[in-house]
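A look at the structure
Letter by letter, the chains look like this.
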Amino acid sequence: MSNLITTYLILLCPIIAFIFAQGLKVILRSYRRKISWRDIFAYSDMPSGHTSVVVALVTIIGLKYGISSNSFAISFVFAMIVIVDAIGLRNYLGQHGKTLNVLVKDLKEDDFLDNHYPKLLEKIGHTPIQVVVGSVIGIITSLIGFWLFK
């Protein structure tokens, strides 16, 4: 495989995984409610688009350069940071948003708060199953890409 094709494959597999994961997310949301443009880049729900991107990256680098390569090690560490963030930190931030929304709502006599502070997102993290499904999408996308351009 030429270097140019390898570069494009490493770039395109994560992008395709993200498009597929986010598209699936929009489709799943459309069954519950009317969707909007903001749903295309939504943070939470099934599946995790961020996880699909980093797992696709790790998978295609592992397939192309091997799991003992420096590139694989770097991408693996990067993926772990993103996945831990998606499950842990962003759920914690959602709890903060929920608390702050309650505090602003409870201060009814102060219209300034209601008019000048937007309602914060309360659900911006992922559940472990959403991360697993995002991971599966990333792995499958990279396996197909690698197989097509072997």
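Values in this document were obtained by computation on a predicted structure and should not be read as measured data.

Helix and strand counts for the protein chain stand at five helices and zero strands. Listed by position from the N terminus, the elements making up the protein chain come as α-α-α-α-α. Taking all 150 residues of the protein chain together, the buried fraction comes to 35%. In the protein chain, once contacts between residues fewer than 6 apart in sequence are set aside, the share between residues at least 24 apart is 71%. Accessible surface, the protein chain as shown: approximately 9800 Å² in total, 71% of it carbon and sulfur.

To continue, consider the environment of Val 26. The residue Val 26 is located in helix α1 (residues 3–30) in this model. In the structure, Val 26 is positioned ten residues away from Ser 36 in sequence and 8.9 Å away in space, judged by C-alpha atoms.

Counting residues in each nonpolar core, the largest one holds 14 residues, and the members touching the most others are Val 54, Ile 60, Ile 61 and Ile 83. Here this core gets five residues from one element, more than from any other, and that element is helix α2 (residues 49–65).

Following both chains from N to C, one finds α1 and α2 inclined at 150°, their axes separated by 8 Å at the closest point. The orientation of α1 with respect to α2, classified from their angle, is roughly antiparallel. Crossing of α1 against α2: the hand is right-handed. Contact residues: α1 offers Thr 6, Leu 9, Ile 10, Cys 13, Pro 14, Ala 17, Phe 18, Ala 21, Gln 22 and Lys 25, while α2 offers Gly 49, Ser 52, Val 53, Ala 56, Leu 57, Ile 60, Ile 61, Lys 64 and Tyr 65. Class assignment of the residues belonging to the contact of α1 with α2 gives a composition of 13 nonpolar, four polar and two charged.

What the rule picks out here adds up to one aromatic pair. Here Phe 72 and Phe 76 contribute two aromatic rings whose centre-to-centre distance is 6.0 Å and whose plane-to-plane angle is 25°, an arrangement assigned as stacked. Of the two residues, Phe 72 and Phe 76 are both situated in helix α3 (residues 70–106); the distance of four residues between them amounts to about one turn of the helix. Classification of Phe 72 as buried rests on a relative accessible area of 15%. For Phe 76, a relative accessible area of 39% gives the class partly exposed.

Atom-level detail of predicted coordinates should not be read off regions where pLDDT is low. Residue-level pLDDT values for the protein chain average 82, and 69% of them are 70 or greater. When pLDDT is averaged over each element of the protein chain, α2 comes out on top at 95 and helix α4 (residues 111–116) at the bottom at 62.

A separate point is helix α5 (residues 128–148). Counted at 1.5 Å a residue, the expected span for α5 with its 21 residues is 30 Å, and the 30 Å between its end C-alpha atoms agrees. For α5, the full list of buried residues reads Gln 130, Val 131, Gly 134, Ser 135, Ile 137, Gly 138, Thr 141, Ser 142, Gly 145 and Phe 146. For α5, the arc enclosing every buried residue in end-on projection is 160°, short of the 170-degree limit, so these residues lie on one face. In α5, the exposed positions that point more than 90 degrees away from the buried face belong to Pro 128, Ile 129, Trp 147 and Leu 148.

Mapped onto the elements of the fold, Ala 86 is located in helix α3. Judged by relative accessible area, which is 0%, Ala 86 ranks as buried.

With that settled, consider α1. Quick reminder: α-helices carry 3.6 residues per turn. Residues three or four places apart thus point the same way. Across its 28 residues, α1 extends 41 Å between first and last C-alpha, which sits within 8% of the 40 Å expected from 1.5 Å per residue. Those residues of α1 that sit buried are Thr 6, Leu 9, Ile 10, Cys 13, Pro 14, Ala 17, Ala 21, Gln 22, Lys 25, Val 26 and Arg 29.

Quick notes on the rules
Residues numbered from 1 in each chain as written. Predicted model: local features only at pLDDT ≥ 70, side-chain atom pairs only at ≥ 80, totals over all residues. Heavy atoms only, no water. Helix = DSSP H or I, 4+ residues; strand = E, 2+ residues; numbered from the N terminus. Buried < 20%, exposed > 50% of the residue type's maximum accessible area, 1.4 Å probe, protein only. Contact = heavy atoms within 4.5 Å. Areas by Shrake-Rupley, 256 points an atom, 1.4 Å probe, with all protein chains shown as cover. Core = buried A, V, L, I, M, F, W, Y, C linked by side-chain atoms within 4.5 Å. Axes fitted to C-alpha atoms, helices over the stretch in contact; angles between N-to-C directions. Parallel < 35°, antiparallel > 145°, perpendicular 65-115°, else oblique. Left-handed = near helix turned anticlockwise from the far one by under 90°. Nonpolar A, V, L, I, M, F, W, Y, C, P; charged D, E, K, R; others polar. Phe/Tyr/Trp six-rings, centres within 6.5 Å; stacked < 30°, edge-to-face > 60°. pLDDT = per-residue confidence, 0-100. Expected span 1.5 Å × (residues − 1). Arc of directions from axis to C-beta.

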